[in-house]
Amino acid sequence: MTQQLRADGGLRHLITLDGLPRPLIERLLDHAQRYVRPLGEKPPASQALAGRTVANLFTEPSTRTRVSFELAAKRLGADVVNLEVQLSSRVKGESMLDTVYTLQSVHVDVMVIRDAETGVHGTVAAHVAPHVSILSAGESHVAHPTQGLLDALTVRQHKGRFDNLAIAIVGDIRHSRVARSAYHVFSALGVPDLRIVAPRALMPEPEEFGGCTRHTTLDGGLKDADVVMMLRIQKERMAQADLPDADGYFANYGLTAQRLAAARPDAIVMHPQPMNRGIEIASDVADGPRSAIRDQVRNGVAVRMAVLAEVIASRGAS
Ligand code: CP
């Protein structure tokens, strides 16, 4: 696995939350919380990244992650480059590494990468100069670390602590990088009751998600849960023949107000978005009083500010 930490324990790259020390996770959450403002107030601004350059390289679509990384970098005073990959020399056959070397040569300090191929982030991180940081904005079905951090921040804001919680992660676990990063962060933070809930076809391999209980019915998986985290069906990672029938899926695994009654009365509902309304979640639940979905989006900017500030600060004076 790529070395994410510097010799002094500072964060250099963020590619996975698997194995990240709990104190570092907590420091990032504390730092992010300081950047959260009520909507309508001016967003926070600092010059922590003044003179630094952040490049976004997304080879898969994104709304939230890309926008929030860009806003986060700008609110910290950085210059931002958004590489339009489909208009770049990648389409002429240039390799990812040559693209990265090019950005490095024009003084890019942080590269934010989303890619559908497993291992790209680690390969790039192993080849960049020591002052360059690689941040994952999503790696295949494997990891989405800043999503995991913003999910943890959202749970902490609503529940205050982790050591007494039951969290149910529901849906297409097999293909979900969000589920894997949630599993890593909530395990690190000591959540005692972690559950994955999915039809058999969408369950991960048995060797994954150790310590979670597995449920194939929604009612069983949601019973007395404090947090219900719904996931999108990842159509882009499935063969056509494997796609579940939308109506049948909603009937068995779609979160409705009636189904949510199995969870605790103060349970919150989360979803990383984009949502398939009417397939994995009913609109009145997604937009209802127990939904924390818009808090997740707001927290995404704060978390990405904290991560950007952390990797730049860990460089020292260089
Ligand atoms: N949650 C998330 O990663 O959303 P985007 O795909 O829009 O970035």
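Refer to the structure above for everything that follows.
Keep in mind that this is a model prediction, so the values were computed, not measured.

With respect to unusual backbone geometry
Along the chain, Q273 connects to P274 via a cis peptide bond; the corresponding omega equals 0°. Phi angles above zero are rare outside glycine, and H107 is one such case at about 70°. Within the element layout of this structure, H107 appears in the loop between α3 (96-105) and β3 (110-115). The phi torsion at D224 lies on the positive side, around 60°, for a residue other than glycine.

A word on the pattern of salt bridges
Proximity of charged atoms lets side chains of opposite charge pair with each other. In total, this model carries 18 salt bridges according to the counting rule given. A salt bridge links D224 to K223; the shortest N-O distance between them is 3.4 Å. Note on K223: relative accessible area 51%, which makes it exposed. We note a salt bridge from R277 to D287, for which the minimum N-O separation is 2.9 Å. Of this pair, R277 sits in the loop between β9 (268-270) and α10 (283-286) while D287 sits in the loop between α10 and α11 (293-313), and the two are ten residues apart along the sequence. What you see here is one network of salt bridges that share partners, running through K159, D226, R264 and D266.

A closer look at the layout of surface pockets
Roughly 380 Å³ of internal volume is contained in the largest pocket. Secondary-structure elements contributing two or more residues to the lining of the largest pocket are α2 (64-75) and α6 (177-188). Tallied by class, the residues present in the lining of the largest pocket amount to five nonpolar, eight polar and seven charged.

Quick look at the nonpolar core
If you look at the biggest cluster of nonpolar residues, it comprises 69 residues, and the most contacted ones within it are L135, L149, I169, F186 and L308. Here this core gets ten residues from one element, more than from any other, and that element is α11. Ignoring sequence-local partners within four residues, the contact set of L135 consists of L14, F69, V110, M111, V112, I113, V307, L308 and V311. With 19 residues, the next largest nonpolar core counts L222, V228, I281 and I293 among its residues.

Some details on the packing of aromatic side chains
Enumeration according to the criterion identifies three aromatic pairs in this entry. Centroid distance F162 to F186: 6.3 Å. Interplanar angle 45°. Geometry classified as tilted. Separated by 24 residues along the polypeptide, F162 in the loop between α5 (145-159) and β5 (166-170) and F186 in helix α6 bring together distant segments of the chain. The exposure class of F162 is buried, given its relative accessible area of 8%. According to the relative accessible area criterion, F186 is buried, its value standing at 0%.

Focus on the sheet that holds β3
Reading across from one edge, β2-β1-β3-β4 is the order of the four strands in this open sheet, with parallel pairing throughout. The open sheet is flanked by β2 (79-83) and β4 (133-139), the only strands paired with a single partner. Taking each pair of neighbouring strands and ignoring which way they run, the sheet shows an average axis angle of 15°. As paired strands, strand β1 (residues 53-58) and β2 are joined by five bridges and run parallel to one another. Paired with V54 across the two strands is V80, which belongs to β2. Contacts between helix α4 (residues 120-127) and the sheet are confined to β3 and β4, with β4 contributing the most and set at about 175° to the helix. Packed onto the sheet, α11 meets β1, β3 and β4 and runs at close to 150° relative to β4.

Conventions adopted
- Residues numbered from 1 in each chain as written.
- Predicted model: local features only at pLDDT ≥ 70, side-chain atom pairs only at ≥ 80, totals over all residues.
- Heavy atoms only, no water.
- Helix = DSSP H or I, 4+ residues; strand = E, 2+ residues; numbered from the N terminus.
- Salt bridge = Lys/Arg side-chain N within 4 Å of Asp/Glu carboxyl O.
- Buried < 20%, exposed > 50% of the residue type's maximum accessible area, 1.4 Å probe, protein only.
- 1 Å grid on protein atoms, 1.4 Å probe; cavity = no way out; pocket = protein on both sides within 12 Å on 5 of 7 lines; lining within 4 Å.
- Points joined across faces, edges and corners; volume = space filled by probe spheres on them.
- Nonpolar A, V, L, I, M, F, W, Y, C, P; charged D, E, K, R; others polar.
- Core = buried A, V, L, I, M, F, W, Y, C linked by side-chain atoms within 4.5 Å.
- Contact = heavy atoms within 4.5 Å.
- Phe/Tyr/Trp six-rings, centres within 6.5 Å; stacked < 30°, edge-to-face > 60°.
- Pairing = 2+ DSSP bridges.
- Axes fitted to C-alpha atoms, helices over the stretch in contact; angles between N-to-C directions.

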